[in-house]
Amino acid sequence: RIWSIHYRPSPAFYAEQHSWTVWWLLSGSFLLCGLTSFGLMLMTGRTARIEDLVALKTRDLLRSNQALNSEIERRKQQENELRIAAATFQSREAIMVTDAKGVVLRVNDAFSRITGYSADEVIGRRSDLLSKVRQAPGLLHGLFRALLRDNQWRGEIWNRRKNGDVFPEWLTVT
């Protein structure tokens, strides 16, 4: 034999499911579950671990902020130095920048106007391309000795323009 049971709730059953009593029971159950889980977290120390984690993350964020602030300050200083260097390069006096081996890295417009050499003609070449003129005896020896001792030298030398003219030049080397 095969038995089958058919259960069909009555309309009164459905009406009872939407009553205020059922809603209060469900709400109370959810509240009781939430309070119980919070109490268990307190008893097991789980909240203390969360507080420690929050404190650790806060310290990490503070360190990151400090690092970012110092990086921003460093970049502002670099930008300011670049502005000063750019203004200096706009001078009416000739400026030639070389590396430690004497290879020209940059010249300003006044250099090109005074010597007749364009920037493209001198950049990448040695700076002695202008000094093909005989200097006073011992001048270069004194220049290098002063550079080693004082990190600078000032004095008059003779140079030659691109067109071959020889001219005196007051030179500062640092």
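The structure presented is a predicted model; accordingly, all values stated were derived computationally and were not measured.

S.K.: Explanation requested: the overall build of the protein chain in the structure shown.
M.R.: Each helix and strand in the protein chain was counted, giving 6 helices and 4 strands. Seen in sequence order, the protein chain has helices and strands lined up from the N terminus as α-α-α-β-β-α-α-α-β-β. At 42 Å, the protein chain has a C-alpha radius of gyration far larger than the 16 Å of a compact globule built from 174 residues. Overall, the protein chain is about 125 × 40 × 40 Å in size when its C-alpha atoms are taken along their principal axes. Each of the 174 residues in the protein chain was classed as buried or not, and the buried ones make up 16%. Counting only contacts in the protein chain whose residues sit at least 6 apart along the sequence, the fraction spanning at least 24 positions is 20%.

S.K.: Please clarify how the pattern of salt bridges should be interpreted in this entry.
M.R.: A side chain of one charge can pair with a side chain of the opposite charge when the charged atoms of the two come close. Overall, the coordinates contain 5 salt bridges when judged by the stated rule. As a salt-bridge pair, Arg75 and Glu71 come within 2.8 Å of each other at their nearest N and O atoms. Linking Arg75 with Glu71, this pair stays in helix α3 (residues 46-89), spanning 4 residues, or about one helical turn. Relative accessible area serves as the criterion here: at 27%, Glu71 is assigned to the partly exposed category. Connected via shared salt-bridge partners are Glu71, Arg74 and Arg75.

S.K.: Honestly, the layout of surface pockets in this entry has me stumped. Any pointers?
M.R.: Vacant regions in the atomic arrangement are exposed by a probe of water-molecule size rolled over the atoms. Here the largest pocket defines a volume of roughly 1,300 Å³. In terms of lining, the largest pocket is formed by 34 residues, of which the most central are Met96, Ser127, Leu171, Thr172 and Val173. Those elements giving two or more residues to the lining of the largest pocket turn out to be β1 (96-98), α4 (109-115), α6 (139-150), β3 (153-160) and β4 (166-173). If one sorts the elements of the lining of the largest pocket by residue count, β4 sits on top with 6 residues. Its residues placed into classes, the lining of the largest pocket shows 18 nonpolar, 10 polar and 6 charged.

S.K.: Explanation requested: the environment of Arg154 in the structure shown.
M.R.: With respect to the helices, strands and loops of the structure, Arg154 is situated in strand β3. You can call Arg154 exposed: its relative accessible area is 51%. For the pair Arg154 and Ser112, spaced 42 residues apart in sequence, the C-alpha to C-alpha distance is 21 Å. Residues contacting Arg154, with those up to four places away along its chain left out, are Trp170, Leu171 and Thr172.

Parameters at a glance
Residues numbered from 1 in each chain as written. Predicted model: local features only at pLDDT ≥ 70, side-chain atom pairs only at ≥ 80, totals over all residues. Heavy atoms only, no water. Helix = DSSP H or I, 4+ residues; strand = E, 2+ residues; numbered from the N terminus. Rg over C-alpha atoms; globule rule 2.2 N^0.38 Å. Buried < 20%, exposed > 50% of the residue type's maximum accessible area, 1.4 Å probe, protein only. Contact = heavy atoms within 4.5 Å. Salt bridge = Lys/Arg side-chain N within 4 Å of Asp/Glu carboxyl O. 1 Å grid on protein atoms, 1.4 Å probe; cavity = no way out; pocket = protein on both sides within 12 Å on 5 of 7 lines; lining within 4 Å. Points joined across faces, edges and corners; volume = space filled by probe spheres on them. Nonpolar A, V, L, I, M, F, W, Y, C, P; charged D, E, K, R; others polar.

Remember that the coordinates give geometry; whether it matters functionally is a separate question.
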